[in-house]
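Residue-level listing of the chains:
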Amino acid sequence: MNTPFRTLLSGLLAASLAAPLLAQADPAGELAERLAVNGQPMPVESVRETPLEGFFEVRLTTGERFYSDAEGQHFLVGDLFENGDQGLVNLTEQGRNGERAARLAQVPEDERVIFRGAGESRAELVVFTDTTCPYCRQLHEEVPRLNELGIEVHYLAFPRTGMNAQGARTMQQVWCADNPAEAMSTAKRQEPLSGPADCDNPVEAQYHLGMELGVQGTPAIVLPDGRLVPGYVPAERLAAMLGIEG
């Protein structure tokens, strides 16, 4: 076999061996490894492809997200929308909803203050609440009606003025009580609680979780699909949002 032909065969063989490796290339993984600012690696939690060719959604461990080209040289900050037959669809918010629902599913029931009705449960709302918040008290007055409609209310703590405020201590008292649901109702009637606030409780962890999930005020209602609804919403309208008829 002459040398040029042998060289050609060797080249073809090398190309055939390299092809599967190229096919297995992971652009998202490569971008996650290369992302850096001022020579410092970014705290990347996940990178995934988007419908926008050549751009990837980057989520940091801080909860922040942005879009980057494949080389990590150009960034876009903001929400990505799809202009489809049904109008504008916020793809970024859809992603946040899924992540929010997944994170909340990890919170065990014994770390929630739960109000259930006597009948069959038809849906579950997670509500970040603060006992000092007037609109939270207004929503709490709707809880019996929500329970009648088969809607469970699962409270998580979000002391809106921070962990050093009296509101945070009151919620720690709620979570430390022998009957947290009863203590929650008492606190929302603006009646004092006499129990301790120094038990092992999840109030601070839930406060940080709320900030991670985009909660900026209370009440913050999270629907089963992860959609975040800020502020007070009447029971009947919440039921309609859940597809439940009275």
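Look a little higher up for the structure.
All figures in this text were calculated on a predicted structure; none of them were measured in a lab.

Undergrad: Just give me the short version of the state of the cysteines, but keep the residues and values in it.
TA: A full pass over the atoms with the stated rule returns 1 disulfide. Here cysteine 176 is linked by a disulfide to cysteine 199, with a sulfur-sulfur distance of 1.9 Å. Sign of the S-S torsion, about -95 degrees for the bond between cysteine 176 and cysteine 199, identifies this disulfide as left-handed. Within this pair, whereas cysteine 176 is found in helix H6 (residues 166-176), its partner cysteine 199 is found in the loop between helix H7 (180-188) and helix H8 (203-212), the two being separated by 23 residues in sequence. Residue classification places cysteine 199 among the partly exposed positions, given a relative accessible area of 30%.

Undergrad: An account of the layout of surface pockets is requested, with residue identities and associated values reported.
TA: Empty space within the largest pocket amounts to approximately 300 Å³. In terms of lining residues, the largest pocket is bounded by 15 residues, among which Gly63, Arg65, Arg96, Glu212 and Gly214 are the most central. Only helix H3 (91-105) and H8 provide two or more residues apiece to the lining of the largest pocket. Classifying every residue of the lining of the largest pocket gives 3 nonpolar, 4 polar and 8 charged.

Undergrad: Could you give an account of the nonpolar core, naming the residues involved and the relevant values?
TA: In terms of nonpolar packing, the biggest core is built from 29 residues, with Val113, Phe115, Leu125, Tyr155, Trp175 and Ile221 touching the most fellow members. Apart from residues no more than four positions distant in its own chain, valine 113 is found in contact with Val153, His154, Tyr155, Val174, Trp175, Pro180, Ala181 and Met184. Residues Leu104, Val107, Leu213 and Val222 belong to the second largest nonpolar core, which totals 12 residues.

Undergrad: Outline H8, supporting the account with residue identities and numerical values.
TA: What H8 keeps buried is the set Val203, Gln206, Tyr207, Leu209 and Gly210. Buried residues of H8 fall within an arc of 165 degrees about the axis and therefore sit on the same side. Contacts made by the buried residues of H8 are with H3, strand E10 (123-129), strand E11 (151-157) and H6.

Undergrad: Hey, could you go over the side chain of aspartate 130 for me, with residue numbers and the actual values?
TA: Summarising the element assignment, aspartate 130 is placed in the loop between E10 and helix H4 (134-140). Residue classification places aspartate 130 among the buried residues on the basis of a relative accessible area of 1%. Here the side chain of aspartate 130 touches threonine 132 through a polar contact of 2.9 Å, landing on its backbone nitrogen. Discounting chain neighbours no more than four positions away, the residues touching aspartate 130 are Cys136, Phe158, Pro159, Arg160, Met171 and Thr218.

Undergrad: So what's going on with a negative patch on the surface? Residues and values would help.
TA: A cluster of acidic residues, Asp26, Glu30, Glu33 and Glu49, forms a negative patch on the protein surface. With respect to the element layout, aspartate 26 can be found in the loop between helix H1 (3-23) and helix H2 (27-34). Among the residues examined, aspartate 26 registers a relative accessible area of 43% and is labelled partly exposed.

Undergrad: Pulling in residues and values, what's your account of the pairing of E10?
TA: For E10, the buried fraction is high: 6 of the 7 residues fall into the buried class. As paired strands, E10 and E11 are joined by 7 bridges and run parallel to one another. Opposite leucine 125, over in E11, you have valine 153 as the bridge partner. With 3 bridges connecting them, E10 and strand E12 (residues 220-222) associate as antiparallel partners. Paired with valine 127 across the strands is isoleucine 221, a residue of E12.

Undergrad: Hey, could you go over the pattern of salt bridges for me, with residue numbers and the actual values?
TA: This structure, assessed with the given rule, holds 15 salt bridges. Two residues, glutamate 148 and arginine 145, come together in a salt bridge whose shortest N-O distance is 3.1 Å. Of the two residues, glutamate 148 and arginine 145 both sit in helix H5 (residues 143-148), 3 residues apart, roughly one turn of that helix. Relative accessible area serves as the criterion here: at 60%, glutamate 148 is assigned to the exposed category. Close ionic contact of aspartate 225 with arginine 227 constitutes a salt bridge, the shortest N to O distance being 2.8 Å. For arginine 227, a relative accessible area of 35% corresponds to the partly exposed category. A network of salt bridges, in which partner residues are shared, links Glu45, Arg48, Glu57, Arg59, Arg65 and Glu99.

Conventions used here
- Each chain carries its own residue numbering, running from 1 in the written order of its sequence.
- Thresholds applied to this predicted model are a pLDDT of at least 70 for local features of residues and 80 or more for the giving and counting of side-chain atom pairs; totals over whole chains, interfaces and linings are not thresholded and use all residues.
- Note that water and hydrogens are dropped before the side-chain values are worked out from all heavy atoms of the structure.
- The disulfide criterion is simple: two cysteine sulfur atoms within 2.5 Å.
- By the criteria applied, helices consist of DSSP H or I runs no shorter than four residues and strands consist of E runs no shorter than two, each listed in order from the N terminus.
- Any residue under 20% of the maximum accessible area for its type is buried, any over 50% is exposed, and the rest in between are partly exposed; the area is computed with a 1.4 Å probe on protein chains only.
- Buriedness of a pocket was judged along seven lines, with at least five required to meet protein on both sides within 12 Å; pockets are open sets of points on a 1 Å grid over the protein atoms alone, cavities are sets where a 1.4 Å probe fits but cannot get out, and lining residues have an atom within 4 Å of a point.
- Grid points are joined across faces, edges and corners, and a volume is the space filled by probe spheres set on the points.
- Throughout, the ten residues Ala, Val, Leu, Ile, Met, Phe, Trp, Tyr, Cys and Pro are labelled nonpolar, Asp, Glu, Lys and Arg are labelled charged, and all others, Gly among them, are labelled polar.
- Residues belong to a common nonpolar core when they are buried Ala, Val, Leu, Ile, Met, Phe, Trp, Tyr or Cys residues joined through side-chain atoms within 4.5 Å.
- Contacts are residue-level and defined by heavy atoms, with any inter-residue pair within 4.5 Å sufficient.
- By construction, the arc corresponds to the directions joining the helix axis to the C-beta atoms.
- Think of a polar contact as two N or O atoms within 3.5 Å of one another; within protein, one of them needs to be a possible hydrogen donor and the other a possible acceptor, and neighboring residues in sequence only count if both atoms come from side chains.
- Two distance rules govern patches: like charges are joined within 9 Å, and nonpolar side chains (Val, Leu, Ile, Met, Phe, Trp, Tyr) within 5 Å, applied only to residues with over 30% relative accessible area and no salt bridge.
- Reported accessibility uses the Shrake-Rupley method at a 1.4 Å probe radius. Residues are deemed covered only where the shown protein chains occlude them.
- The rule for a salt bridge is simple: a side-chain nitrogen of Lys or Arg has to be within 4 Å of a carboxyl oxygen of Asp or Glu.
- Charged residues are defined here as Lys and Arg on the positive side and Asp and Glu on the negative side; His and the ends of the chain fall outside this count.
- Lys charges are placed at NZ, Arg charges at CZ, Asp charges at CG and Glu charges at CD.
- At least two bridges found by DSSP between two strands are what make those strands a pair.

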